[in-house]
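Close look at the chain arrangement
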Amino acid sequence: MLKRYSQSEEDYLEAIYLIELKNKVVRVKDVAESVGVTMPSVVSAIRSLSEKGLVEQEQYGHIELTLKGRKVARDVYERHKTLYTFFHQFLGLEAAIAEKDACLMEHHLSPETRQRLLKVLEYVQGCEEVLFLERLWHFIETGDRLGPCSGCEVK
């Protein structure tokens, strides 16, 4: 079980992780732009994350995640992706809304809930009843059932 960190710490770690994936090199300026804060705020956060063994940075140098930091960052990112996929693909929310809500909720999602969401997504994506999501979205929007799915009883 991963130790939980503050929302701010997780946001910084996730930002560093995503910048690393894209650019290979992470600078304070890149993190500041990604998180939407000032460069001095990033410097302070990096110092704190470094003291916790999550990042390494030589003075005025590039920022790198430690193995521990990478594990935490990857976990945050995976929670984010799961929530985004559930909100956007399953619930049919607009991408911007799904992204915003995923960012807010990723910090509070338990491992058990994440696993259940993944199972729901896996099941629905492999479902032979191709109209399932269309029927669900219609019901969400109107409250009207379009008729029973195979195996469902309308009450």
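Structure's up top.
Our subject in this report is the structure included herewith. (Residues numbered from 1 in each chain as written. Predicted model: local features only at pLDDT ≥ 70, side-chain atom pairs only at ≥ 80, totals over all residues. Heavy atoms only, no water.)

1. Some details on the packing of helix α1 (residues 7-23) against helix α2 (residues 28-35)
The relative placement of two packed helices is expressed as an angle between their axes plus a distance between the axes. Relative orientation of the contacting elements α1 and α2 amounts to 120°, with a least axis distance of 10 Å. α1 and α2 meet at a crossing whose hand is right-handed. Mapping the contact onto sequence places D11, Y12, A15, I16 and I19 in α1 and D30, V31, S34 and V35 in α2. Tallied by class, residues from the contact of α1 with α2 come to six nonpolar, one polar and two charged. (Axes fitted to C-alpha atoms, helices over the stretch in contact; angles between N-to-C directions. Helix = DSSP H or I, 4+ residues; strand = E, 2+ residues; numbered from the N terminus. Left-handed = near helix turned anticlockwise from the far one by under 90°. Contact = heavy atoms within 4.5 Å. Nonpolar A, V, L, I, M, F, W, Y, C, P; charged D, E, K, R; others polar.)

2. Description of the pattern of salt bridges
What the rule picks out here adds up to seven salt bridges. A salt bridge links E78 to K81; the nearest nitrogen and oxygen atoms lie 3.4 Å apart. With a gap of three residues between them, E78 and K81 both fall in helix α4 (residues 67-90), about one helical turn apart. Its relative accessible area of 25% is what places E78 among the partly exposed residues. (Salt bridge = Lys/Arg side-chain N within 4 Å of Asp/Glu carboxyl O. Buried < 20%, exposed > 50% of the residue type's maximum accessible area, 1.4 Å probe, protein only.)

3. Observations regarding the nonpolar core
Counting 21 residues, the largest nonpolar core has L13, I16, V31, V55 and I63 as the members making the most contacts within it. Elements supplying a minimum of two residues to this core: α1, α2, α3 (39-51), β2 (63-65) and α4. With five residues, the top contributor of residues to this core is α1. Of all hydrophobic cores here, the second largest spans 10 residues; its members include L83, F87, L109 and L121. (Core = buried A, V, L, I, M, F, W, Y, C linked by side-chain atoms within 4.5 Å.)

4. Describing the side chain of H107
With respect to the helices and strands, H107 occurs in the loop between α5 (95-105) and α6 (111-125). Polar side-chain contacts of H107 include one of 3.4 Å to the side chain of E106. When near neighbours in sequence (up to four residues on either side) are disregarded, H107 contacts R4, Q7, E10, D11 and R79. (Polar contact = N/O pair within 3.5 Å; in protein donor to acceptor, adjacent residues only side chain to side chain.)

5. Some points on the side chain of H80
Tracing the sequence through the fold places H80 in helix α4. Residue classification places H80 among the buried positions, given a relative accessible area of 6%. Among the polar contacts listed, one links the side chain of H80 to the side chain of E99, at a separation of 3.0 Å. Aside from chain neighbours lying at most four places away, what touches H80 is E14, E99, A102, C103 and E106.

6. Some thoughts on the packing of α4 against α6
One way to put it is that α4 packs onto α6 with a least axis distance of 10 Å and a crossing angle of 40°. Classified by the angle between their axes, α4 and α6 sit oblique to one another. Here the hand of the crossing between α4 and α6 comes out left-handed. Mapping the contact onto sequence places E78, R79, T82, L83, T85, F86, Q89 and F90 in α4 and R114, L117, L118, V120, L121, V124 and Q125 in α6. The residue inventory of the contact of α4 with α6, partitioned by class, reads eight nonpolar, four polar and three charged. (Parallel < 35°, antiparallel > 145°, perpendicular 65-115°, else oblique.)

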